[in-house]
Amino acid sequence: MPDDRLSLVALPGNTFTCLDSVLDQAERSGAVWVRPSRREPLSAARLVATLLAVGWPAARIGLYPTEQRALHGLLKLADRRVVYGGAGLAASVRDADSLTLHGPGRGCALVPPGMSVQAAVDWLLPLVAADAGRFCSNVRTVVCTDPSQSHALASSLGAALDTISPDPASRDRPLTVFREPAEAHRALRSVHERMRPGDRMLTRREPIVEVDGAPCVLPRLVRLQAPEGHPLVGHEVPFPFAAVLAAAPGTVRAVTAESLFVHRPAK
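Note that the coordinates shown come from a computational prediction; the quantities given were computed from them, not determined experimentally.

Re the overall build of the protein chain
Part 1 of the argument: Secondary structure summary: the protein chain contains eight helices and 13 strands in total.
Part 2 of the argument: Radius of gyration (C-alpha) of the protein chain: 20 Å, near the 18 Å computed for a compact globule of 267 residues.
Part 3 of the argument: Taking the principal axes of its C-alpha atoms as reference, the protein chain extends roughly 60 × 45 × 35 Å.
Part 4 of the argument: Within the span of the protein chain, comprising 267 residues, buried residues form 48% of the whole.

Listed below in structure tokens is the structure:
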């Protein structure tokens with residue numbers, strides 16, 4: 001039976017994968033407010049409309065497509081809070097009471113010694129580029145424990161990412177088209193500003209192209225010179241991006257400890 005508490009669910013841009021949280025809170029709470037991502041509000045709106053269409057009480061569900069700055073006001077009014085978001089949002093709401101926080105996934109992939117470059121690229125490409133690189137489970141960090149692997153693997157993976165077409169008719173590897181040029185440039189800049197001396201960008205195309213008049217950020221791949229404490233390790237952006245690094249066992253443990261999704265090839 002539902003209680004009399006008010007729940008808030010603040011959703012991320014990859015909304016449809018997280019709608020279970022809305023249904024869970026709707027079932028257990030007196031009412032649930034849904035705050036969709038501005039980047040992708042339609043899935044949340046469709047879910048709310050569907051519930052209302054089958055007779056769910058209107059007083060028990062609300063849709064609040066607000067700007068992010070209004071989220072803090074909604075948090076103060078709710079009794080339960082489920083928040084999805086990146087590192088900045090996670091840090092800003094971490095002190096809220098009764099909070100379930102789904103922060104950055106910081107997905108990483110561990111390439112075992114002896115794995116061939118081609119086999120590794122075939123395995124890694126969908127992990128980095130599937131779903132336009134927007135999911136928290138996408139790989140952001142590729143870790144090679146054998147230093148001799150990292151250069152050849154990074155070059156080949158960068159070349160493979162450069163073959164992904166921005167053409168909307170290409171359905172194998174869809175890419176994100178941004179509403180606003182400033183948003184696309186801000187996401188891209190967040191990668192370039194975090195690069196350190198000695199890092200190398202291994203994807204070669206111009207980073208932003210227009211698709212039907214809107215900006216699309218093409219995949220980016222960076223090989224890190226010194227991975228310890230590097231700001232690109234686990235960095236999440238709404239397009240395919242990964243950093244490749246060679247790491248000693250201590251660094252591997254540090255990377256995987258911060259990751260919610262650690263990918264290893266099937267044996």
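Focus: the confidence of the model for the protein chain
Part 1 of the argument: Confidence in the prediction of the protein chain, expressed as mean pLDDT, is 89, and 94% of residues score 70 or more.
Part 2 of the argument: Per-residue pLDDT, averaged within each element of the protein chain, yields its smallest value for helix H4 (residues 87–93) (59) and its largest for strand S11 (residues 220–223) (98).

Notes on the packing of aromatic side chains
Part 1 of the argument: With the rule as written, the count across this model stands at one aromatic pair.
Part 2 of the argument: Centroid distance tryptophan 33 to tyrosine 64: 4.8 Å. Interplanar angle 50°. Geometry classified as tilted. With a gap of 31 residues between them, tryptophan 33 in strand S2 (residues 31–35) and tyrosine 64 in the loop between strand S3 (61–63) and helix H3 (71–77) connect regions that are remote in the sequence.
Part 3 of the argument: By relative accessible area, which is 18% here, tryptophan 33 ends up buried.

A closer look at the pattern of salt bridges
Part 1 of the argument: Under the definition given, this model contains three salt bridges.
Part 2 of the argument: Salt-bridge contacts for aspartate 3 lead to arginine 80; the nearest nitrogen and oxygen are separated by 2.3 Å. Of this pair, aspartate 3 sits in the segment before strand S1 (6–10) while arginine 80 is found in strand S4 (residues 80–84), placing the two residues 77 residues apart along the sequence.
Part 3 of the argument: Taking the relative accessible area as the measure of exposure, arginine 80 reaches 10% and is therefore buried.

Re the side chain of glutamate 40
Part 1 of the argument: Mapped onto the secondary structure, glutamate 40 falls in the loop between S2 and helix H2 (42–53).
Part 2 of the argument: Arginine 46 provides the closest opposite charge to the buried, unpaired glutamate 40, separated from it by 5.3 Å.
Part 3 of the argument: At 2.9 Å, the side chain of glutamate 40 and the backbone nitrogen of leucine 42 are in polar contact.

Comments concerning helix H6 (residues 147–161)
Part 1 of the argument: Taking 1.5 Å as the rise per residue, H6 with 15 residues should run 21 Å; its terminal C-alpha atoms sit 22 Å apart, in good agreement.
Part 2 of the argument: Buried within H6 we find Gln149, Ser150, Leu153, Ala154, Leu157, Gly158, Ala160 and Leu161.
Part 3 of the argument: On its buried side, H6 packs onto strand S6 (107–111), helix H5 (117–129), strand S7 (139–144), S11 and strand S12 (241–246).

A closer look at unusual backbone geometry
Part 1 of the argument: Of note in this structure, aspartate 131 is not a glycine but carries a positive phi near 55°.
Part 2 of the argument: Mapped onto the fold, aspartate 131 is located in the loop between H5 and S7.
Part 3 of the argument: One non-glycine residue with positive phi stands out, namely alanine 132, at about 60°.
Part 4 of the argument: Along the polypeptide, alanine 132 turns up in the loop between H5 and S7.
Part 5 of the argument: Residue alanine 132 is classed as buried on the basis of its relative accessible area of 6%.

What to know about the nonpolar core
Part 1 of the argument: Within the largest apolar cluster, 27 residues are counted, with the highest numbers of intra-cluster contacts made by Val111, Leu124, Val142, Leu153, Leu157, Leu161 and Leu221.
Part 2 of the argument: Mapped by element, the contributors of at least two residues to this core are S6, H5, S7, H6 and S12.
Part 3 of the argument: Apart from the residues within four sequence positions on either side, leucine 157 is in contact with Val121, Leu124, Leu125, Val142 and Leu221.
Part 4 of the argument: The next biggest cluster of nonpolar side chains, apart from the first, holds 22 residues, and it includes Ala187, Phe239, Phe241 and Val252.

Rules of the game
- Residues numbered from 1 in each chain as written.
- Predicted model: local features only at pLDDT ≥ 70, side-chain atom pairs only at ≥ 80, totals over all residues.
- Heavy atoms only, no water.
- Helix = DSSP H or I, 4+ residues; strand = E, 2+ residues; numbered from the N terminus.
- Rg over C-alpha atoms; globule rule 2.2 N^0.38 Å.
- Buried < 20%, exposed > 50% of the residue type's maximum accessible area, 1.4 Å probe, protein only.
- pLDDT = per-residue confidence, 0-100.
- Phe/Tyr/Trp six-rings, centres within 6.5 Å; stacked < 30°, edge-to-face > 60°.
- Salt bridge = Lys/Arg side-chain N within 4 Å of Asp/Glu carboxyl O.
- Lys, Arg positive; Asp, Glu negative; His and termini not counted.
- Polar contact = N/O pair within 3.5 Å; in protein donor to acceptor, adjacent residues only side chain to side chain.
- Expected span 1.5 Å × (residues − 1).
- Contact = heavy atoms within 4.5 Å.
- Core = buried A, V, L, I, M, F, W, Y, C linked by side-chain atoms within 4.5 Å.

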